2 protein chains.
Amino acid sequence: MRLSTKGRYGLKAMFELALHSGEGPIPLKDIAESQNISEHYLEQLVATLRRAGYVNSVRGAQGGYLLSKEPKNITVGDVIRCLEGQIAPAECVMKDAADCNRESYCVTQTVWRKIRDSVNEVIDNTTLQDMVDDHIKNH
Amino acid sequence: MRLSTKGRYGLKAMFELALHSGEGPIPLKDIAESQNISEHYLEQLVATLRRAGYVNSVRGAQGGYLLSKEPKNITVGDVIRCLEGQIAPAECVMKDAADCNRESYCVTQTVWRKIRDSVNEVIDNTTLQDMVDDHIKNH
DNA sequence: TTAAATCCCTACTGATTCACTTGGAATTAT
DNA sequence: ATAATTCCAAGTGAATCAGTAGGGATTTAA
């Protein structure tokens, strides 16, 4: 039940972008350094977020990345799901899942569904702006 | 964020034991067959649960496994944690975690903590008895 | 008393995923 | 022109997953 570094690093990076939202493009180098992450690895994660439309890029010197929307319109769920795929403890409670067994009703599925829903509730109701506010409040 | 087969199969097995609680030892063969799981693999999972004190075993012909406590006194959290280790989306919010970075406060940690707590709330408040009741209600 | 049914234990294994690294090409500000 | 950046594709060592293999020990039933 651990998140991989994709989701973890990705959210850190998105938080950094949100923190400097409106200040023009931020180069990955800065984020990688401040978060102590391999720049080349982070590049791959941000590429995924870019293709999904959450960040825009500016190439060339003085280029970098910026959020494509306001921080309040991007949720933690958007970011994590983009990088990690659907968040569900078992395949049988993922969207488009095939029926997991011949029986029409399975009790463990009920448990997995509850776990899935509780996690999704948290991540879909926290935006990057919430994280920024939280950060400011604590400094 | 997927659970491995350890936790998934393990919970299914414990549910079967709870369902037949009070009927004497149930052989693994029956559980493995009814849940369509490799018996030898399940054996390893149940061994872990036995060593942790959640099930007792009876050796020899007509032997098998039984819950060591009443179904209402074993939670889903007990079972999953026993087989999968601590449930937390990131190391920094696990018990005994070293400080994740030089800064005293980290925003992503707040998110991970919320996820961790919401999952634990679900699994610690669902017992095997709840699953049995749910099963009976739906048949 | 022997055979069958069961649990118990250790080790091995092929496939997949993780967390990167390598090595460049294309683009743009200075 | 040069340096700073993004963009792209492929390779890699280590770890984990989901078992399998091959036995040994214990108990019941015939």
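For the structure itself, consult the block above.
Residues numbered from 1 in each chain as written. Chains lettered and ligands numbered in written order. Predicted model: local features only at pLDDT ≥ 70, side-chain atom pairs only at ≥ 80, totals over all residues. Heavy atoms only, no water.

Trainee: Please explain the relation of the copies chain B and chain A as it appears in this structure.
Mentor: There are two copies of the chain, and a rotation about an axis plus a shift along that axis relates them. For the pair chain B and chain A, the relating rotation is 180°, the translation along its axis is 0.0 Å, and the fit reaches an RMSD of 0.1 Å. The superposition of one copy onto the other is thereby described by a two-fold rotation axis. Scanning chain B for the C-alpha nearest the rotation axis identifies Met1 of chain B, at a separation of 2.2 Å. (Least-squares fit on C-alpha atoms with pLDDT ≥ 70 in both.)

Trainee: Even after reading the chapter, I still don't get the protein's contact with DNA strand C, so can you show me in this structure?
Mentor: Close contacts around DNA strand C come from 29 residues, with Tyr9, His40 and Gln44 of chain A together with Ser57 and Tyr65 of chain B the closest. Here the atoms of DNA strand C within 4 Å of the protein split so that 61% fall in sugar or phosphate, with bases taking the remainder. Contact distances for DNA strand C include 3.3 Å between a base nitrogen and a backbone N or O atom of Ala61 of chain B. Between DNA strand C and Tyr65 of chain B there is a distance of 2.8 Å, counted from a phosphate oxygen to a side-chain nitrogen or oxygen. Secondary structure elements with two or more residues in the surface near DNA strand C: helix 1 (5-19) and helix 3 (39-51) of chain A together with helix 3 (39-51), strand 1 (55-58) and strand 2 (64-67) of chain B. At five residues, the largest contribution of residues to the surface near DNA strand C is made by helix 3 of chain B. (Near = heavy atom within 4 Å. Polar contact = N/O pair within 3.5 Å; in protein donor to acceptor, adjacent residues only side chain to side chain. Helix = DSSP H or I, 4+ residues; strand = E, 2+ residues; numbered from the N terminus.)

Trainee: I would appreciate a short explanation of the interface of chain B and chain A in the present structure.
Mentor: Think of interface size as the accessible area that goes away when the parts come together; that is how it is often given. Taken residue by residue, the interface counts 38 residues in chain B and 38 residues in chain A. Note on chain B versus chain A: buried area summed over both sides is about 3,500 Å², and carbon and sulfur give 66% of it. Contact with chain A buries area across many residues of chain B, yet Met1, Arg2 and Val107 of chain B alone supply 22% of it, more than any other trio. On inspection of chain B and its partner chain A, the count reaches zero salt bridges. Linking chain B with chain A are 10 residue pairs in polar contact (both at pLDDT 80 or more). With 11 residues, the top contributor of residues to the side of chain B that touches chain A is helix 5 (residues 107-124) of chain B. Grouping the constituent residues of the side of chain B that touches chain A by class yields 20 nonpolar, 11 polar and seven charged. (Contact = heavy atoms within 4.5 Å. Buried area = accessible area lost by both parts, 1.4 Å probe. Salt bridge = Lys/Arg side-chain N within 4 Å of Asp/Glu carboxyl O. Nonpolar A, V, L, I, M, F, W, Y, C, P; charged D, E, K, R; others polar.)

Trainee: Quick question: what am I supposed to make of the protein's contact with DNA strand D here?
Mentor: If you check the shell around DNA strand D, you find 27 residues, and the closest are Ser57 and Tyr65 of chain A together with Tyr9, His40 and Gln44 of chain B. Restricting the count to atoms of DNA strand D within 4 Å of the protein gives a sugar and phosphate share of 62%. Here Arg50 of chain A contributes a side-chain N or O atom positioned 3.1 Å from a phosphate oxygen of DNA strand D. Ser57 of chain A is positioned with one of its side-chain polar atoms (N or O) 2.4 Å from a phosphate oxygen of DNA strand D.

Trainee: Looking at this structure, I do not really get the pattern of salt bridges. What am I missing?
Mentor: All names here are of chain B. Scanning the model with the defined rule gives six salt bridges over all chains in all. For the salt bridge of Lys72 with Glu70, the shortest nitrogen-to-oxygen distance reads 3.3 Å. By relative accessible area, which is 49% here, Lys72 ends up partly exposed. With a relative accessible area of 46%, Glu70 lands in the partly exposed category. Note that Asp124 and Arg81 form a salt bridge whose closest N and O atoms lie 2.8 Å from each other. Placement of the pair is Asp124 in helix 5 and Arg81 in helix 4 (residues 76-84), with a sequence separation of 43 residues. The partly exposed category is assigned to Asp124, whose relative accessible area is 33%. (Buried < 20%, exposed > 50% of the residue type's maximum accessible area, 1.4 Å probe, protein only.)

Trainee: How do you make sense of the pairing of strand 1 (residues 55-58) of chain A when you look at a structure like this?
Mentor: Looking along a regular strand, one sees side chains alternate from face to face of the sheet. Residue and element names in this part refer to chain A. Pairing of strand 1 with strand 2 (residues 64-67), which is carried by four bridges, proceeds in the antiparallel orientation. Note that in strand 2 the partner of Ser57 across the bridge is Tyr65. Connecting strand 1 to the next strand, strand 2, in antiparallel fashion are five residues, including Gly60 with a positive phi near 85°. (Pairing = 2+ DSSP bridges.)

Trainee: Can you walk me through a negative patch on the surface in this structure?
Mentor: All names here are of chain A. A surface patch of negative charge is lined by Asp30, Glu33, Glu39 and Glu43. Elements with a contribution of two residues or more to the negative patch: helix 2 (28-35) and helix 3. In this fold, Glu39 is placed in helix 3. (Patch = residues over 30% accessible without salt bridge, like charges linked within 9 Å, V, L, I, M, F, W, Y side chains within 5 Å. Areas by Shrake-Rupley, 256 points an atom, 1.4 Å probe, with all protein chains shown as cover. Lys, Arg positive; Asp, Glu negative; His and termini not counted. Charge placed at Lys NZ, Arg CZ, Asp CG, Glu CD.)

Trainee: Help me understand the packing of aromatic side chains, please; the structure alone is not making it clear to me.
Mentor: The relation between two aromatic rings is expressed through the spacing of the ring centres and the mutual angle of the planes. Residues and elements named next belong to chain B. Tallying each qualifying case throughout the model produces two aromatic pairs over all chains. With a centroid separation of 6.0 Å and 85° between ring planes, the pair formed by Tyr9 and Tyr41 is classed as edge-to-face. One end of the pair, Tyr9, is in helix 1 (residues 5-19); the other, Tyr41, is in helix 3, and 32 residues separate them in sequence. For Tyr9, a relative accessible area of 24% gives the class partly exposed. (Phe/Tyr/Trp six-rings, centres within 6.5 Å; stacked < 30°, edge-to-face > 60°.)

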